[in-house]
Amino acid sequence: MSAELSIKASVVVGDLRAEYDLQVQAGEVLAVLGPNGAGKSTLLRAVAGLVPLTRGRLRLGGRLAEEAPGGARLSVRERALGVVFQDYLLFRHLTALDNVGFGLRARGATRMEARAAASEWLARLGIGELSGRRPEELSGGQAQKVALARALATSPDVLLLDEPLSALDVESRSEVRAELRSVLADFEGAALVVTHDPADAAALADRIAIVEGGVVTQLGTPEALATGPATAYVAALVGRTGFDVVLGATGTVVHEGLGEIQGTFVARAERAGATAAGDAMGAGDGNDPHATAGRAFASIRSELVEVLIPEALGPGEADTAAGETSVNTWPATILRLERGLGSTTATLLLGDARASVRLTARLPLDTALGRAGGLRIPGGPHEGQSVLVCLPPSHVAFVATR
Ligand SMILES: Nc1ncnc2c1ncn2[C@@H]1O[C@H](COP(=O)(O)OP(=O)(O)OP(=O)(O)O)[C@@H](O)[C@H]1O
């Protein structure tokens, strides 16, 4: 089946040199998630035709929409898109009804036809009674729904939503999110939702594309990202912590500074453009013998990182823990401690300067208070303290990243 939206292109705006390689099928919702300035909105603007491609192609609804340099370029209006921007951009002088009917009028519908269709859409989104109101008479959530109705009214091939829930407070956000989810489930075209909120991405999308520094660094289902993040950014989003490792030809996983690391492969990180089925590696114990040599990302849930405080270990235990027989255990320094309500977050530097691995551990309350191994450590753990860090192998997940 050909994708409803397919982009394989570079886009240069200001300092950003972005490389996008994404496909969205009909009926699929792809969320684009990433840090500030990563190039999420630029992707959406490129698809909408507001930013030109520097090189590459964009296909929409089975048509070539743009090819650069020097190829075809459909105008914004020719692209059969429904777009909802962050700030909604409703026409201030028009009622909700006429805002929704605007696109249909522009496509040749009579005023009566446009109003009838607009009225249906407003009713479907549960705001039929607001059809006579102007934008300044609408709450953020209501305006969001009007903008969504306007985007859907023209039956677009592709729906583009830029931070559709960011202007809403916590309560209306969850209500509108649920509504949006059901609208997206009925939408037959491809939908691209840009967000910086992992909760929105997980709730709304079939797959999530992570964009960092203008590049898609991971692409997969919310579940795949949660269990096997491929970058430190994704790891932090899903409550894990991790670092890059190298996958040896024999299936061993090594880090230049830390040496061999043991754990489990959960899945190969889906690369941009790869299909989920074709790229799956499957779960299993130990390192997957079919894994090809290359880079991988190791991660573990932050609360499962064991921080051993030498003062709290019995005689000889510290030596044993640090010795060659113990797996995934390294000396480390506590760089920072941040107190939370139920736990304390520790930033740790593992190994020597060459290893330069930073991990985030969530220390249980007991450890944070200085009670560990039945002993009391005067003053509890402190910044600058030398500790031992253990990553229990059964909780370490690897995903191949290239
Ligand atoms: N019109 C422009 N002129 C110059 N630089 C631009 C322009 N648009 C984008 N950029 C550059 O591209 C980078 C990415 O912008 P973009 O809006 O795509 O980021 P984003 O991922 O949507 O971030 P945010 O979450 O902050 O909205 C910006 O940091 C900026 O350097």
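Residues numbered from 1 in each chain as written. Predicted model: local features only at pLDDT ≥ 70, side-chain atom pairs only at ≥ 80, totals over all residues. Heavy atoms only, no water.

- An unreviewed UniProt entry annotates the protein chain as ABC transporter ATP-binding protein originating from Pseudoclavibacter terrae.

1. Description of the overall build of the protein chain
Then step 1. Secondary structure summary: the protein chain contains 11 helices and 23 strands in total.
Then step 2. A total of 402 residues make up the protein chain; the buried ones form 49% of that total.
Then step 3. A sequence separation of at least 24 residues applies to 64% of the contacts in the protein chain between residues at least 6 apart. (Helix = DSSP H or I, 4+ residues; strand = E, 2+ residues; numbered from the N terminus. Buried < 20%, exposed > 50% of the residue type's maximum accessible area, 1.4 Å probe, protein only. Contact = heavy atoms within 4.5 Å.)

2. Comments concerning the sheet that holds strand β18 (residues 343-350)
Then step 1. The 5 strands are arranged β16-β22-β17-β18-β19 in an open sheet whose pairing can be described as antiparallel. Edge positions in the open sheet fall to β16 (306-308) and β19 (357-364), since each of these has one partner strand only. In this sheet, neighbouring strand axes are inclined to one another by 45° on average, regardless of whether the strands run parallel or antiparallel.
Then step 2. As paired elements, strand β17 (residues 329-339) and strand β22 (residues 386-390) share 5 bridges and run antiparallel to each other. Within the sheet, the bridge partner assigned to tryptophan 330 lies in β22 and is valine 389. (Pairing = 2+ DSSP bridges. Axes fitted to C-alpha atoms, helices over the stretch in contact; angles between N-to-C directions.)

3. Section: the confidence of the model for the protein chain
Then step 1. Considering every residue of the protein chain, the mean pLDDT works out to 84; 84% of them sit at 70 or more.
Then step 2. Taken element by element, the predicted model of the protein chain shows its lowest mean pLDDT in helix α9 (residues 276-279) (30) and its highest in strand β3 (residues 29-33) (97).
Then step 3. Below a pLDDT of 50 lies the segment residues 269-290, which in the model reaches 48 contacts outside its immediate sequence neighbourhood of four places, other chains included. (pLDDT = per-residue confidence, 0-100.)

4. Describing the layout of surface pockets
Then step 1. In this structure, the largest pocket encloses a volume near 620 Å³.
Then step 2. If you go around the largest pocket, you meet 20 residues; those closest to its centre are Val76, Leu81, Val83, Phe102 and Arg150.
Then step 3. Of all the elements in the fold, those that place two or more residues in the lining of the largest pocket are β6 (81-84), α2 (96-106) and α4 (140-153).
Then step 4. At 4 residues, the largest contribution of residues to the lining of the largest pocket is made by β6. (1 Å grid on protein atoms, 1.4 Å probe; cavity = no way out; pocket = protein on both sides within 12 Å on 5 of 7 lines; lining within 4 Å. Points joined across faces, edges and corners; volume = space filled by probe spheres on them.)

5. Focus: the pairing of strand β8 (residues 190-195)
Then step 1. Here β8 lies mainly inside the structure; 6 of its 6 residues are buried.
Then step 2. Residue alternation in β8 divides its side chains into two sets, Ala190, Leu192 and Val194 and Ala191, Val193 and Thr195, and both sets are buried.
Then step 3. Sheet analysis places β3 next to β8, joined by 5 bridges and oriented parallel. Residue pairing across strands places alanine 31 opposite valine 193, the latter belonging to β8.
Then step 4. Looking at chain direction, strand β7 (residues 158-162) and β8 are connected through 5 bridges and run parallel. Directly across from leucine 160, in β8, lies its bridge partner leucine 192.
Then step 5. Each parallel crossover has a hand, and for β7 linked through helix α5 (residues 170-186) to β8 it is right-handed. (Right-handed = clockwise from strand over helix to strand, strands pointing away.)

6. Thoughts on the packing of aromatic side chains
Then step 1. Using the criterion set out here, one finds 2 aromatic pairs in the structure.
Then step 2. The interplanar angle of 45° and the centroid separation of 4.5 Å between the aromatic rings of phenylalanine 91 and phenylalanine 102 together place this pair among those described as tilted. A residue pair is termed long-range when its members are at least 10 positions apart, and phenylalanine 91 in the loop between β6 and α2 and phenylalanine 102 in helix α2 qualify at 11 residues.
Then step 3. A relative accessible area of 40% means that phenylalanine 102 is categorised as partly exposed.
Then step 4. Over the ring of phenylalanine 91 we find arginine 150, and its NZ or CZ is 5.1 Å from the ring centre. (Phe/Tyr/Trp six-rings, centres within 6.5 Å; stacked < 30°, edge-to-face > 60°. Lys NZ or Arg CZ within 6 Å of the ring centre and 35° of its normal.)

7. Quick look at the side chain of arginine 177
Then step 1. Here arginine 177 shows up in helix α5.
Then step 2. Exposure remark for arginine 177: the relative accessible area of 17% places this residue in the buried category.
Then step 3. Excluding residues within four positions of it along the chain, arginine 177 makes contact with Leu165, Asp197, Ala199, Asp200, Ala203 and Leu204.

8. A short note on the sheet that holds strand β23 (residues 397-400)
Then step 1. Within the open sheet, the 6 strands sit side by side as β13-β12-β11-β15-β23-β14. Their pairing is mixed. The open sheet has two free edges, formed respectively by β13 (259-261) and β14 (264-265), since each of these has just one partner strand.
Then step 2. Direction of pairing for strand β11 (residues 240-247) relative to strand β12 (residues 253-255): antiparallel, over a ladder of 2 bridges. By the bridge assignment for β12, leucine 247 is matched with valine 253.

9. Some details on the pairing of β11
Then step 1. β11 sits mainly inside the fold: 6 of its 8 residues count as buried.
Then step 2. Where β11 lies against strand β15 (residues 294-301), 8 bridges are found, and the strand directions are antiparallel. Residue pairing in the sheet places arginine 240 in a bridge with arginine 301 of β15.
Then step 3. The turn linking β11 back onto β12 is made up of 5 residues, and glycine 251 within it adopts a positive phi angle of 95°.

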